[in-house]
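Examination of the molecular architecture
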Amino acid sequence: MSRMHLDDDLFDEASLRRALRLEASELPPPLDVAAIVARAEDRPLGLASFASSLFAGLATAALLAVGAMTIWSLAPAVAADTFAAAISLVALVAVSLDPAVRTLQQPTIPIAALAAVAFAVAYEYRTRKERANA
């Protein structure tokens with residue numbers, strides 16, 4: 001297997017450009033706006049096309065109206081269920097936290113917590129001073 005050098009090209013640039021160039025026979029025909037307008041005016045199906053477009057527009061409007069009315073009628077029920085679920089979740093959390101709140105309301109707990117914080121601060125100050133001296 002031979003190694004390729006970075007300056008080696010896979011294809012010759014001139015032949016690649018020649019291959020990608022379109023011939024005059026391959027070019028698409030130019031758009032003739034006047035011919036397109038003339039064909040559109042000659043169509044005998046203009047009324048049928050208008051009627052089908054009108055029918056599709058009316059059907060779309062009816063579907064949107066039915067969808068809006070459905071959402072409007074279901075919104076209170078969905079909101080009530082969501083509100084009930086939120087209230088039951090808050091009640092469940094409150095009932096679960098009730099023993100902890102009762103315990104924390106005892107007068108000995110805050111005093112013990114303050115004493116523990118004071119001892120922890122004093123201990124940290126003492127160990128920092130010892131480390132600095134060592």
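Parameters at a glance
- Residues numbered from 1 in each chain as written.
- Predicted model: local features only at pLDDT ≥ 70, side-chain atom pairs only at ≥ 80, totals over all residues.
- Heavy atoms only, no water.
- Helix = DSSP H or I, 4+ residues; strand = E, 2+ residues; numbered from the N terminus.
- Buried < 20%, exposed > 50% of the residue type's maximum accessible area, 1.4 Å probe, protein only.
- Areas by Shrake-Rupley, 256 points an atom, 1.4 Å probe, with all protein chains shown as cover.
- Patch = residues over 30% accessible without salt bridge, like charges linked within 9 Å, V, L, I, M, F, W, Y side chains within 5 Å.
- Salt bridge = Lys/Arg side-chain N within 4 Å of Asp/Glu carboxyl O.
- Polar contact = N/O pair within 3.5 Å; in protein donor to acceptor, adjacent residues only side chain to side chain.
- pLDDT = per-residue confidence, 0-100.
- Expected span 1.5 Å × (residues − 1).
- Bend = angle between axes of the 7 residues up to and from the residue.

1. Brief notes about the overall build of the chain
Looking only at helices and strands, the chain has four helices and zero strands in total. The order of helices and strands in the chain, counted from the N terminus, is α-α-α-α. With 134 residues in all, the chain has 1% of them scored as buried. For the chain, the accessible surface area stands at approximately 12,900 Å², while carbon and sulfur atoms represent 69% of it.

2. Re a nonpolar patch on the surface
A surface patch of nonpolar side chains, about 460 Å² in accessible area, is lined by Leu-89, Leu-92, Val-93, Leu-97 and Val-101. Mapped onto the secondary structure, Leu-92 falls in helix H3 (residues 46-104).

3. Some words on the pattern of salt bridges
Applying the stated criterion across every chain, the model contains one salt bridge. A salt bridge links Arg-102 to Asp-98; the nearest nitrogen and oxygen atoms lie 3.2 Å apart. One end of the pair, Arg-102, and the other, Asp-98, are both in helix H3, four residues apart, so they sit about a helical turn from each other.

4. Some thoughts on the side chain of Thr-127
Among the structural elements, Thr-127 can be located in helix H4 (residues 108-133). Of the polar contacts made by the side chain of Thr-127, one reaches the backbone oxygen of Glu-124; its length is 3.0 Å.

5. Structural notes on the confidence of the model for the chain
Confidence along the chain averages 82 in pLDDT terms, with 81% of residues attaining 70 or more. When pLDDT is averaged over each element of the chain, H3 comes out on top at 92 and helix H1 (residues 13-20) at the bottom at 73.

6. What to know about H3
Spanning 59 residues, H3 covers 82 Å between terminal C-alpha atoms, matching the ideal 87 Å at 1.5 Å per step. At Asp-98, H3 shows its largest kink, close to 45°, and the proline Pro-99 lies no more than four residues downstream.

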